[in-house]
Structure formats: C-alpha cells, structure tokens
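# Per-entry structural report
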Amino acid sequence: MNRMVGVSPDFRRRFALHVLVPLSGLLVAITAALTFVVVSTTTRTDTDSINEERAIIQVAIAGSLRDLGAQQRSVALSRPVARAAADASLDAAWLNENVGTWLHDMFRHDRVFIVDGSGEALYAAIQGAQVAATRYGDLGAYLRNTVAEVGASGEQHVGLLRFGAQPAAVAVARIGHVDLPGRPGHDNADRPSRLLVNLKMLDDGYLADLSRDSMLSDLRFSAVDDASDAERSIALRQASGESIGYLVWRPDLPGTKMRAAIMPFMLAVLAVLVLAMGLLARRLWKSALRLSQSVIELRASEAQAQHLAFHDVLTGLPNRALFDQRLAEALAATQPGERVGLLLLDLDRFKQVNDTLGHHAGDAYLKQAAMRLSALARPGDTVARLGGDEFVLIRPGMAERTDAEDLACAVAAAIRKPFHLRGNEIFGSTSIGIAVAPDDAQDRVDLMRRADIAMYAAKREGRDRFRCFEPDMDETVKKRQVIADELRIALLDAKGLDVHYQPQVNPSGAIVGLEALVRWTHPVRGAITPDEFIPVAEETGLIVPLGEWILRQACGTARQWPGLFMAVNLSPVQLRSPDFALRAIEIVEAGHCNPSQIELEVTEGILVGDDPVSNLALARLRRAGFKVALDDFGTGYSSLSYLRRFEVDKIKIDRSFTQNLCSDANSAAIVGSVVALGRAMGITVTAEGVETTHQMTALVDAGCDELQGFLFSRAVPASCLAALFKEREVALAASLP
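The paragraphs below set out a description of the structure included in this document. All values derive from a computational prediction rather than experimental measurement.

### A word on a positive patch on the surface
- A cluster of like positive charges, contributed by Arg282, Arg283, Lys286 and Arg290, occupies part of the molecular surface.
- Structurally, Lys286 is set in helix H6 (residues 254-299).

Printed below as a string of structure tokens:
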C-alpha cells in the first residue's frame, strides 16, 4: 500500500474501475459458473434418479394390476369353474379348493368372492380359507357400481381402491358360461350371471417386497401426502381418477452425494483462483503505473488515429468500417414513409487508366472522382470509398425510389466530365447499382448485397449506366453461382463437356475449315446452352481452364484433318491472363499440331480495349504462327486502324447482317462494304449465320470468301465429322453439271 503514495486519486479510481472490478467480476462469474454447473448437474442427476424411481413404482403397480387381471382371467375362463359357479347348489368345498385356496396359495390373492348379477355374494374366501358370504358386505359397498358395469358389459375391470386403511388391487370379471345340465343350447339370457371378485392388498408386506426388489428406501403408504423434504410421493388413483392415497419413499440422491464429495475440491480451486487474481492485480498495478505516461503521450495522436481508422487515406472519404456504421444508423433512423437509397458504383475501366498512365494518375483519378461525388452529397448523405475503384453513396430520408435514380443520373453525368490527369485528358464512366430500403431490403448486409447485384447487372449490360435492384436479379445470381459450381466440378474430369465442330465452306460449298464450339450436357438438367455458362465462366475465371481444354480437344481434331483450318474462340479473360500465350503454344506443341492451322477468333472489344497484356499475348501468338480472326465484325467499333495495327487475317461478318441481307438494303450495303474492305487489305471475309440458299447466293455474289451456318451443317461431334465430309462431297458431286 505504501507504493500507492503519490498516485493520483483519478488513477486509483480508474485502476479500481478497469482492473479490480473486472477481476472481481471475473472471480464472481467463475464462482457463479462453477456453482451453477455443479448445482445444476447434481440437481439434474437427483431429478433423473427420482423420476427413475417414480417410474419403477408406476411400472410395479401397473405390473401388479396386469398380473392380477391375468391371474383372474385364468380362473374366470375355466370351464370347470364356470360349471361350478353356474350350479344352483354351489359346491363350496370344490370352489374353496380350486378357487379360493388355489388363488391365495399360488398368487397371494387375499380375498376371493363369487357374486351373482345382483351383487349378492355366493362364495367368499379370505387368506385362502372359506368364510361366510356375508364377509363380502364390507367390500361390496365399494364395488357395487363396478360389479353392475362388469355384469352388464362382460368387460373385465382391474384397478386400485382403498379398502379400509390400506390400498388394494381389485379385479372383477364375469365367469365364463357353460351349458347347464338338461338345458343345452340355451341362450345366455337363461343362464345365471356369476362374477369373480379378486382382491390383493398392497399392504406392508407387498410394499416391503417392492422396496427390496426395486431398491427403494423406506417405502410406505399414507392416506395423505405427508412426504418430508427428504421424501418423495406418488399418488395412487382409482380408475375414476379419485385419489386413494400416496406411496411415500426416501429417494436415492446421487447428485447430492456427488456435490458433497466435490465441494472441498471446488473450494480449493476457488482459493487458488483468488490467490492468482491477487497476484495478477498486483502485477497489473505495476504495469499500469509504467504505462500511465505512455497513455498520456498516445492521447495526443488519438484523434488522428481515430480518423485514419474510419477514413480512406487517399481520398479522405469514410472507409468501409465507417460506411457500415453510417448505413446501420441510417436504416435505424428511417421513419415510416421514408426510404434510404444506396448507390454502389464502380469506375469503368479504371485498371486501364492505371496500366496506361501509371498509378499516380490512377490516384488522381480516384481523388477527383471522390470530390465530384462529395459535391453531389447533401447534409446527412454519406460518400465512402470501399476500396479500389469502388465508391458508395447513402442518401437517407428519400420520399420516392425515383430520388435514387435521379441521384444516379447526376453521379453518372459528373463522372462523364473529362478528368485531367498528369497532362492527359480522359473521359470516364461508371456502373451504378441501386438498392432502396425498406423496399429491397431492411438489413444492412442484404441491402449492400443487392446493390452489388444491381451494379454487376449494369456492368454486364455494357457499363456507363445504372440499374435498380429487381427480385429476379437475386435469382439470376443464385442460378449463375450454381452453374459456376457445377462447371467447376465438370472441369475436374471433363464429364459432360464436349466439343462440337461447325464447318466453314468456300463459295462452291467445299469444307475448308471448322469452328470448335463447346457443349455441356449436365447429368441432371440436360443440355446447358453456351449463352448460359460461358458468361459465368468469364466472370469466375473458369474460362481460362475451359478454354485451354477446348484448345486441347481442337488440336486433337485438327491433327486428324490437316487440310482444314481450326477456329477456336478466345475470351478477353484468357488474353488478360499473363501466361496465356505461352500455355496456348505449349498446348498446340503437345498436340503435335501446326500453329498455322489454328485460327484464334477474338471480338472487336479486345482490340478496342487496348489492353497491353492482351496486345502482347496476341502479338506473341501471331509470331508463333497462329492466325487471328475478328469475330462479329460490324457490331462494335469496326475501326480500320485496329485492322492494320493487329494484322488480322480474317473478318467474320456478324449473323445479324446475314439474316437481314435479303430484306434490308442497309445490311446488303454493309456486307458489300466489308467485302470490299477485306479485298483491299488482303483479309479473308467470312459470313456467319447462313441459313438459306438465297443468303448464300447473295453473299457469294458479294464476294465473300467463306460461309458458315445451318445451311451447311450444325455443329457436330468429332465422331460425326467423317460422315459430314462424305455427305458434303456427295452433295457437291450432285451439284456438278
């Protein structure tokens, strides 16, 4: 205590509050927990033991009643007993020997009576000896109604009653009928009704046997429930439910015995805990004194640390932790009729800015975007940066859902304005997902998840737009997740996956090449179209292993048909994989296939995106001998500069122009222009989606080099290619003059 001299009262108070009180509380909690566990466990053990003993008594009483009924039936249904009881002049000696004495000696029945239908006793035996029938009178008063019911229904009655000062088990049954001498075949109505009444006292001897057999202590009968605190009781009731008394016993309490045995040990443990906590408190006191000065110093930087903990270092906006708190507060404060709008936005092609202009420019881009978003915020709104190029805006107190849409339009317009980054001017765009509480969700996590779903829907639809959450979006996400999981399993052993091949023909109809197209047959859901699983594969990155598997299969087929080129589609995701070109070259070499036979089909978006990784991969593949075809030409940017820059070998006219060729003059003009462009640049031109002979004729007349479509064949498995080639040869031969 002397060491506490000079310590401020505030420090002592805080030490007591933050150390001694918690330690004392912990000690009390441990003591309470140990006490609770011990008491509850031992009490439950005692309760289980009592319930078990109570069940033993109930089973024993029920067994006694069951045995009494069975024993009575063995006599009541005996034909000799029935004849003797039905005889007008009862043979008392025979009944005494075969009924009264036998039931007592064999089954310890205390009283046996034979009475007629009116309840008058015809025969009586007590303790196996015949007595006057009038001795039934005492018992008859108890059984008058029971005898009448059994006499009328013929159904045996077995139950408990209180006879005198003791409980007893009683059974009443009609004695089976036999033909009377000289009157055979008469109905039961002509026969006298006789009933057998058996009584077994549940006396001290019975209870002593039950106590011994069931290992019960001090079992006794009491007319009232006079069980002491150390005793337990169970009520004995007649069939009518009326209580006839109680069986009282002293239960075995193993839990109490166990509690008494472990209590000294528990007290010793608590003593050790008290000593340990005392030593801990002493050590903490010394440490607290040493840390006191450090705490004072740390307080100077506490505000800054607090800010850094809840704000983004680059933009100064609230970070995810503070955003979560603000959103929870906004949802909790929402009044009836009010809405909370949540806008989750992602800067489109931000990675391209980083890759082309550098990370400093990317940081400047993020800062300027944050400033523009903050300028759109009103008091009470929250603008936060969640990480990377992802921002979020909370607008509480909205009256209508359209308020969130208006805000999204303002955000999109602000981001579309030019950004000046280190001497460069770029034009940005953003994909925005909107979720509104309580319409879309009331929980913070669900609301954020649904805004995220809506944002990715905006991205899938082409970016630079906003989408409001709709319920079917959630189902779409779940379905896409299922497809991703099952596709991942299918890729493990390629089970259900197959590659089909669609021919490409020259103007005369001869097959000059094949396009490899993946097919997936699910073991349960059947065929799943590429439009369903290819976008999912691109989202999840599964397109990389899937594309490599397709290329491997295509190489095997190309090796079988060396005179044909093999077209394989490439995804932008594959091209952005850093080592894709190297792996593609290795796959072709391992398949002993000539790279010049492989034609890689890419979309215009890959070229226009100007991604350095993709550009490098294409250049490396071209150097290795691969051909490059520009797929779906005419649906995107169709820039001549890109055709020159990337040395495209082939242009594939999109099927939309082919199908409208005969009905739309614009489509015919576009096809003619593309063919002229291809000839001028020395690029092969292929038309996709040819389905009619009119389309084929028009395309051939326009100068297309190759044709592809259902008119010639659908995509078929590799095993059907030989038959397809034979069929085309026959068709060509038939068309010759």
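And the narrative resumes.
### Focus on the sheet that holds strand E9 (residues 243-250)
- Ordered in space as E7-E9-E8, the three strands form an open sheet in which the pairing is antiparallel. Looking at strand neighbours, the two that pair on one side only are strand E7 (217-222) and strand E8 (232-237), the edges of this open sheet. Here the strands of the sheet are splayed against their neighbours by 20 degrees on average, with no regard to which way each runs.

### Concerning the sheet that holds strand E16 (residues 465-468)
- Across the sheet, which stays open at both edges, the five strands sit in the order E11-E12-E10-E15-E16 with mixed pairing between neighbours. Each edge of the sheet is formed by a strand with only one pairing partner; in this case those strands are strand E11 (382-387) and E16. If you compare each strand with its neighbour and ignore which way they point, the axes differ by 20 degrees on average.
- Pairing analysis gives seven bridges linking strand E10 (residues 339-347) to strand E12 (residues 390-398), with the strands arranged antiparallel. Counterpart to Leu342 in the pairing with E12 is Ile394.
- Along the sheet face, helix H8 (residues 320-332) touches E10, E11, E12 and strand E15 (430-437) and points at about 20 degrees away from the line of E12.
- Those strands touched by helix H11 (residues 402-416) are E10, E12, E15 and E16, and its axis lies near 160 degrees from that of E15.

### Some remarks on unusual backbone geometry
- The peptide bond linking Ala437 to Pro438 adopts the cis configuration, its omega dihedral lying at 5 degrees.
- Here Pro438 shows up in the loop between E15 and helix H12 (444-460).
- In the Ramachandran plot, Arg422 falls in the positive-phi region, its phi being about 50 degrees despite a non-glycine side chain.
- Position of Arg422 among the secondary structure elements: in the loop between strand E13 (418-421) and strand E14 (424-427).
- Note on Arg422: relative accessible area 60%, which makes it exposed.

### A look at the environment of Trp102
- Residue position: Trp102 is located in helix H3 (residues 92-107).
- Residue Trp102 is classed as partly exposed on the basis of its relative accessible area, which comes to 34%.
- Considering only alpha carbons, one finds Trp102 and Gly128, 26 residues apart in sequence, at a separation of 7.2 Å.
- If near-sequence neighbours (up to four positions away) are discounted, Trp102 is found in contact with Val75, Asn96, Glu97 and Phe107.

The rules behind each value
- Residues numbered from 1 in each chain as written.
- Predicted model: local features only at pLDDT ≥ 70, side-chain atom pairs only at ≥ 80, totals over all residues.
- Heavy atoms only, no water.
- Patch = residues over 30% accessible without salt bridge, like charges linked within 9 Å, V, L, I, M, F, W, Y side chains within 5 Å.
- Areas by Shrake-Rupley, 256 points an atom, 1.4 Å probe, with all protein chains shown as cover.
- Salt bridge = Lys/Arg side-chain N within 4 Å of Asp/Glu carboxyl O.
- Lys, Arg positive; Asp, Glu negative; His and termini not counted.
- Charge placed at Lys NZ, Arg CZ, Asp CG, Glu CD.
- Helix = DSSP H or I, 4+ residues; strand = E, 2+ residues; numbered from the N terminus.
- Pairing = 2+ DSSP bridges.
- Axes fitted to C-alpha atoms, helices over the stretch in contact; angles between N-to-C directions.
- Contact = heavy atoms within 4.5 Å.
- Buried < 20%, exposed > 50% of the residue type's maximum accessible area, 1.4 Å probe, protein only.

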